[in-house]
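Report on the structure
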Amino acid sequence: IRESATLTRDVLEQHFNDLKGTLKKLLDERLMSLLQEVDAIEQESIKPLDECQKLIEHGVSTANELLREGESAVHGDVGQQNEKLCSFTKKALHIQLDSLPEVPSLVDVPCLSAQLDDCLLTILKNQIFQHGTVASRPPVQLEEFVEKPGGILVRWCKVDDDFLPQDYRLQYRKSTACHFEDVYVGSETEFIVLHIDPNVDYQFRVCARGDGRQEWSPWSVPQIGRTTLVPHEWTTGLEGYSLSSRRNIALRNDSQSCGVLYSKAPTYFCGQTLTRIETVGQPDRRDSLGVCVEQQNGYDSLQRDKAVCVSTNGAVFVNGKEMTNQLPAVTSGSTVTFDMEVVQLGPSSNEGGNFKLRVTISSNNREVVFDWVLDQCCVSLYFGCSFSYPGWKVLVF
């Protein structure tokens, strides 16, 4: 509670500080815009009045000079009097002292004022007091973590019955990292997070978006998940296959070399789901995709003893024997899934083995179920594939 409360305080303070900074910037920009508008109106309106004032002042100045010249002519010597009066009379005839420049009508002269609507404060006040909420119970919570090889299957559920989710958003981070990052956004309630380092703690959190809404709900309580299972990897060095940088994707290349490509280690455990996504090349009856007890060199297919596999044409083989039940042929984008569980462990059975696995193979919405009898206890298994022609690509996780 204290940790989430502290985080919530930090988020609120940061958000409102950002809002205050943004609001001040917007108000300053609006003030500057209005002041510039006042300056423009003032300069445009005062120009003809200034020109009119200059003409009037010039006319008054000229009249004062003429008046002084007339007084000087009247009070001067008799000899100069006639000459000065003649000059005065000529100037008086050419100066129009009874006319003024056109002055704008009073109604045409602008009178600036600021029109400020006080209702803005009321609107802002109402919006501010309605802005933001504090939720004590997020509508979705993390429910389960399931270990996967090099990954974690994360499941979550809705805990608020009144909440109608449209999308979910899952984030995670390493325990040593500072920031969460998005790993899934969609309508599903589970997701396999891959490329997880084994034996390292990761924090997860989830939120949801209500039906028809744009904003996300509060985050769930962060929870820690980890996997102890190393990621599935193909063995390097087989000439007929090219591997990705993480060695979880194998591509059958153009090499004429053939053989079975095995996993680097027996990383498949009963109770897991081993999934492979295919892109296809030319099929062949000897193609195989499956699991086995041990690596055996010298074979060009998993259609042999101590192995179960499915061919690209859908045929299923157990210990080298073809089963009567058959799956659809593998096509581009097919997902082939192997599920196994221990059903017998003890004294030898009538079939000669003392260890039995129930195997379920699914492909293209079809599945076959059978018992695989072995003469030894197998805690973990290898997986493998073989293809006769290039173009096949296999992803394991």
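Nothing here was measured: the structure is a model prediction, and the numbers come from that model.

A count of helices and strands for the protein chain gives three helices and 21 strands. A compact globule built from 397 residues would reach a C-alpha radius of gyration of about 21 Å, whereas the protein chain, at 45 Å, exceeds it by more than 25%. Every one of the 397 residues in the protein chain was classed for burial, and the buried ones make up 30%. Taking contacts inside the protein chain between residues at least 6 apart in sequence as the whole, the part at least 24 apart equals 61%. With the model as given, the accessible surface of the protein chain reaches about 25,200 Å², and the carbon-plus-sulfur share is 52%. Averaging the locations of the 38 positively and 54 negatively charged side chains of the protein chain gives two centres separated by 8 Å.

If you look at the biggest cluster of nonpolar residues, it comprises 34 residues, and the most contacted ones within it are V291, M340, I361, W372 and L381. For this core, the secondary-structure elements that each account for two or more residues are β13 (288–292), β14 (307–310), β15 (315–318), β17 (335–345), β18 (355–363), β19 (366–374), β20 (380–386) and β21 (393–396). When near neighbours in sequence (up to four residues on either side) are disregarded, L381 contacts A265, P266, T267, Y268, V291, C292, V293, M340, L357 and W372. Counting residues in hydrophobic clusters, the runner-up holds 16 residues, among them I152, V154, L170 and Y202.

Glancing now at helix α3 (residues 119–130). Its twelve residues place the ends of α3 17 Å apart at the C-alpha level, agreeing with the 16 Å of an ideal helix rising 1.5 Å per residue. Two residues or fewer after α3 comes G132, characterised by a positive phi angle close to 85°.

With that settled, consider helix α1 (residues 2–75). Between the first and last C-alpha of α1 there are 104 Å, a value that for 74 residues agrees with the 110 Å anticipated at 1.5 Å per step. At I46, α1 is deflected by roughly 35°, the largest bend along its length, and proline P48 occurs up to four residues later in sequence. Among the residues of α1, those classed as buried are C52, L66, G70 and A73.

Its domain assignment divides the protein chain into domain 1 (1–111), domain 2 (140–227) and domain 3 (241–396). Look at where the C-alpha atoms of domain 1 and domain 2 centre, and you get two points 68 Å apart.

Glancing now at the UniProt feature "coiled-coil region" (unreviewed entry) in the protein chain. In this numbering, the UniProt entry assigns the feature "coiled-coil region" (unreviewed entry) to residues 9–44. Across residues 9–44, helical content stands at 100% and strand content at 0%; the span's end C-alpha atoms are separated by 53 Å.

This brings us to the UniProt feature "domain: Fibronectin type-III" (unreviewed entry) in the protein chain. Within the UniProt annotation, "domain: Fibronectin type-III" (unreviewed entry) is assigned to residues 138–231. A distance of 33 Å separates the end C-alpha atoms of residues 138–231, which is 0% helix and 53% strand.

All right, on to the sheet that holds strand β6 (residues 202–210) then. The sheet built from four strands is open, its strands ordered β4-β3-β6-β7 with antiparallel pairing. The two strands at the open ends of the sheet, each matched to only one other strand, are β4 (181–186) and β7 (223–225). Strand-to-strand twist across the sheet, computed as the mean angle between neighbouring axes with direction ignored, equals 30°. Inspection of the sheet shows strand β3 (residues 165–174) paired to β4 by five bridges, in the antiparallel sense. Following the sheet pairing, Q171 is matched in β4 by D182.

For β13, the buried fraction is high: five of the five residues fall into the buried class. Taking every second residue as pointing to the same face, both faces of β13 are buried, with S288, G290 and C292 on one and L289 and V291 on the other. Bridge count between β13 and β20: five bridges; the pairing is antiparallel. Following the sheet pairing, V291 is matched in β20 by F383. In terms of strand pairing, β13 meets β14 through four bridges, oriented antiparallel. Following the sheet pairing, G290 is matched in β14 by C309.

Let us look at the side chain of S255. Checked against the element boundaries, S255 lands in the loop between β9 (249–252) and β10 (261–262). On the accessibility criterion, S255 (18% relative accessible area) is buried. Those residues in contact with S255, other than ones at most four positions away along the chain, are E239 and G240.

Here we take up the packing of aromatic side chains. Using the criterion set out here, one finds eight aromatic pairs in the structure. A ring pair is formed by F145 and F204, whose centres lie 5.3 Å apart and whose planes are at 45°; its orientation type is tilted. Of this pair, F145 sits in strand β1 (residues 140–148) while F204 sits in strand β6; the two residues are 59 residues apart in sequence, bridging distant segments of the chain. Judged by relative accessible area, which is 25%, F145 ranks as partly exposed.

Taken together, three strands build an open sheet; the order of strands is β1-β2-β5 and the sheet is antiparallel. Sheet topology places β1 and β5 (190–194) at the edges, where each strand pairs with a single neighbour. Between one strand axis and the next, the sheet turns through 25° on average, direction left out of account. By the bridge criterion, five bridges tie strand β2 (residues 151–158) to β5 in an arrangement that is antiparallel. Within β5, the residue paired with I152 across the bridge is V193.

Each value, and the rule that gives it
Residues numbered from 1 in each chain as written. Predicted model: local features only at pLDDT ≥ 70, side-chain atom pairs only at ≥ 80, totals over all residues. Heavy atoms only, no water. Helix = DSSP H or I, 4+ residues; strand = E, 2+ residues; numbered from the N terminus. Rg over C-alpha atoms; globule rule 2.2 N^0.38 Å. Buried < 20%, exposed > 50% of the residue type's maximum accessible area, 1.4 Å probe, protein only. Contact = heavy atoms within 4.5 Å. Areas by Shrake-Rupley, 256 points an atom, 1.4 Å probe, with all protein chains shown as cover. Lys, Arg positive; Asp, Glu negative; His and termini not counted. Charge placed at Lys NZ, Arg CZ, Asp CG, Glu CD. Core = buried A, V, L, I, M, F, W, Y, C linked by side-chain atoms within 4.5 Å. Expected span 1.5 Å × (residues − 1). Bend = angle between axes of the 7 residues up to and from the residue. Domains from an automatic or database assignment. UniProt positions renumbered as here; feature names shortened; annotations may be inferred. Pairing = 2+ DSSP bridges. Axes fitted to C-alpha atoms, helices over the stretch in contact; angles between N-to-C directions. Phe/Tyr/Trp six-rings, centres within 6.5 Å; stacked < 30°, edge-to-face > 60°.

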